[in-house]
Every structure is written in C-alpha cells, then in structure tokens.
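# Secondary and tertiary structure notes
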Amino acid sequence: MGVIAALFAGAGLAAPLFGGTPKGVPKDPYGDGVFLSRRQYRLELSGTPEEWRERAGFALRRAVARGPQGPDGTIWLPVSAYRGLGLEGLDELAGALGWRLDRDRLRFGTVVLTPVSAPR
C-alpha cells in the first residue's frame, strides 16, 4: 500500500496516470481529480452566484483550451463546474466565448457545448 501512496504523492506522477493535461491548458484551481478539493467543497457548500460564475468561466475556458472532445467538435462540462450558475448563466458565458449549449444533448451530470458557427 505504501508503494501506491508514494506513486500518487510523487511530483507529476498522478497526472500521467490519469491522462494528464495538455501543454498550454491551465491547471484547474478547483481541482482536476475525482475527489473534491477544499476550494470546490467550499463552493459547493456556500458559493455565491459570482463565485459560481468565476468557476464556470474558468472551466469553460479550460475546456475550450483543451480542444474538442467529441468527433463533431463539441466540448463537455461536468455539472460540478456550473451547478450554482445554472444553464442560462452557462449559456451566457459560453456565448461570449463563441460556444452555445446543445440543449438536445443534455445528459445527466454533463452538458454538451457546440461552436456557435455549428448548425443547430
């Protein structure tokens, strides 16, 4: 068990084990992992609409920087990135970056965003 803990505690070893982040994509201050970071936990408990807007905006910019995740040029965001902002607020933020929610493809726990130039 100690060997596994040492692997995860090692600098830079955890990211490649779980896919890592491409160069040029900023680190997520709310955490990249499966577990809630302290900052994300506080946001979930008592986040203000402004804090959620900041969180969703950061996650959206990060997803755009990572590039399309689907073969059709779409990107996805987990609900933990926008929950306190709501779909309308997320759609507003996405529009400012040239993206829009694909309301026909909403899934439990995830939203799909398409480039504004893509057909509806």
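Across its 18 residues, helix α4 (residues 49–66) extends 25 Å between first and last C-alpha, which sits within 8% of the 26 Å expected from 1.5 Å per residue. All of the buried residues in α4 are W52, R55, A56, G57, F58, A59, L60, R62 and A63. Contacts made by the buried residues of α4 are with α3 (38–46), β1 (75–78), α5 (86–96) and β3 (110–115). The positive-phi residue at the C-terminal boundary of α4 is G67, with phi of around 100°.

To continue, consider the pairing of β1. Side chains I75 and L77 project from β1 onto a buried face, and the interleaved W76 and P78 project onto a face without burial. Here β1 runs beside β3; their pairing, made up of four bridges, is antiparallel. Opposite L77, over in β3, you have V111 as the bridge partner.

Here we come to the nonpolar core. A general trend in soluble globular proteins is that nonpolar side chains are found buried together. Counting residues in hydrophobic clusters, the biggest one holds 19 residues, and the most contacted among them are A56, L60, I75, L77, L90, V111 and L113. Secondary structure elements with two or more residues in this core: α4, β1, α5, β2 (99–101) and β3. In terms of residue count, the dominant contributor to this core is α4 (five residues). Apart from the residues within four sequence positions on either side, V111 is in contact with I75, W76, L77, Y82, L87, L90, L101 and L106.

Under the criterion given, the structure shown has zero aromatic pairs. A cation over an aromatic ring shows up here: R39 above the ring of Y30, its NZ or CZ 4.3 Å from the ring centre. The ring of W76 has R107 lying over it, and the distance from NZ or CZ to the ring centre is 5.2 Å.

What follows deals with α5. For α5, the complete set of buried residues consists of G89, L90, L93 and A94. End-on view of α5: buried residues confined to an arc of 135°, all on one side of the axis. Along α5, the residues that are exposed and aim more than 90 degrees away from the buried face are E88 and E92. Directly beyond the C-terminal end of α5, a positive phi value near 90° is found at G98.

A word on the sheet that holds β2. Ordered by their spatial adjacency, three strands build an open sheet running β1-β3-β2, and the pairing between neighbours is antiparallel. In this open sheet, the two edge strands, each paired with only one partner strand, are β1 and β2. Averaged over all pairs of adjacent strands, the angle between strand axes in this sheet comes to 35°, irrespective of strand direction. Lying over the sheet, α4 contacts β1, β2 and β3, oriented at roughly 150° with respect to β1.

Here we come to the pattern of salt bridges. Tallying each qualifying case throughout the model produces seven salt bridges. Three or more residues are tied together by salt bridges with common partners; here these are D72, D102 and R105.

Next up on the list: the environment of T114. Inspection of the secondary structure puts T114 in strand β3. Given the relative accessible area of 8%, T114 is considered buried. Counting along the chain gives 46 residues from T114 to P68, while the straight-line C-alpha distance between them is 9.1 Å. If we skip the residues at most four places from it in the chain, T114 touches T74, G98, W99, R100 and D102.

Parameters at a glance
- Per-chain numbering applies: the sequence of each chain, read as written, is numbered from 1 onward.
- In view of the model being predicted, local features appear only for residues whose pLDDT reaches at least 70, and side-chain atom pairs are presented and counted only at 80 or more, with totals across whole chains, interfaces and linings using the full set of residues.
- For side-chain calculations, the full set of non-hydrogen atoms in the structure is used, while hydrogens and water are omitted.
- Runs of H or I in DSSP of at least four residues are treated as helices and runs of E of at least two as strands, each being numbered from the N terminus.
- Working rule for helices: expected span equals 1.5 Å times residues minus one.
- Buried residues are those whose accessible area, probed at 1.4 Å on protein chains only, stays under 20% of the maximum for their type, while exposed residues exceed 50% and partly exposed ones sit between those limits.
- The contact criterion used is simple: two residues touch if any of their non-hydrogen atoms lie within 4.5 Å.
- Between any two strands, at least two bridges found by DSSP are needed for them to pair.
- Throughout, nonpolar core names a set of buried Ala, Val, Leu, Ile, Met, Phe, Trp, Tyr and Cys residues whose side chains join them through atoms within 4.5 Å.
- Each aromatic pair joins two rings of Phe, Tyr and Trp (for Trp, the six-membered one) with centres within 6.5 Å, and gets the label stacked for planes under 30 degrees apart, edge-to-face for over 60, and tilted for any other angle.
- Only Lys NZ and Arg CZ are tested; either one counts as a charge over a ring when it is within 6 Å of the ring centre and within 35 degrees of the ring normal.
- The reported arc concerns the directions from the helix axis to the C-beta atoms and nothing else.
- Between N-to-C directions, angles cover 0 to 180 degrees, with each direction set by a line fitted to C-alpha atoms, over the stretch in contact for helices.
- When a carboxyl oxygen of Asp or Glu lies within 4 Å of a side-chain nitrogen of Lys or Arg, that pair is called a salt bridge.

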